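# Working through the structure, step by step
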Amino acid sequence: MVWRYSGNPVIGRRPLPRTTGAYNSAVVPWQGQFIRGVSHEGMDRVPHLHVGRSADGLKFTFEPKPIDFKCDDPEVRKHEYAYDPRVTPIEAFIT
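Summary of the structure given here.

Rules and cut-offs
Residues numbered from 1 in each chain as written. Predicted model: local features only at pLDDT ≥ 70, side-chain atom pairs only at ≥ 80, totals over all residues. Heavy atoms only, no water. Salt bridge = Lys/Arg side-chain N within 4 Å of Asp/Glu carboxyl O. Helix = DSSP H or I, 4+ residues; strand = E, 2+ residues; numbered from the N terminus. Buried < 20%, exposed > 50% of the residue type's maximum accessible area, 1.4 Å probe, protein only. Contact = heavy atoms within 4.5 Å.

Counting across every chain of the model gives three salt bridges. Between Glu41 and Arg45 there is a salt bridge, and its shortest N-O distance comes to 3.0 Å. In this structure, the salt-bridge partner of Glu63 is Arg53, at a minimum N-O distance of 2.7 Å. Of this pair, Glu63 sits in the loop between β4 (61–62) and α1 (74–77) while Arg53 sits in strand β3 (residues 47–54), and the two are 10 residues apart along the sequence. Under the relative-accessibility criterion, Glu63 is labelled partly exposed at 36%.

It is worth spelling out the environment of Ala55 at this point. Note that Ala55 resides in the loop between β3 and β4. Accessibility expressed as a relative area gives 68% for Ala55, which makes it exposed. On a C-alpha basis, the gap between Ala55 and Ile35 in space is 9.1 Å, while along the polypeptide they are 20 residues apart. Sequence-distant contacts of Ala55, defined by excluding residues within four places in its chain, comprise Gly32, Gln33 and Phe34.

Structure (structure tokens):
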């Protein structure tokens with residue numbers, strides 16, 4: 001069942017220093033807590049993806065550093081914009 005939380009927004013517009021906005025969040029339950037991928041737009045207006053964690057799904061703490069994507073192909077690895085995070089478990093990487 002899905003419902004709209006009456007206390008929205010769950011995270012504020014500036015959840016990290018030097019952030020001008022947070023957008024397109026994806027939230028999933030994970031190992032007894034909640035994990036959230038959020039596109040944080042910086043003062044330079046370039047969005048970066050950050051991970052947030054919460055015990056109750058409402059109060060999130062965000063990693064100060066953006067997600068560091070790994071890839072051998074420099075064109076694929078090149079960071080330009082990070083929008084619309086999706087959260088998908090991949091068995092090989094689940095610990």
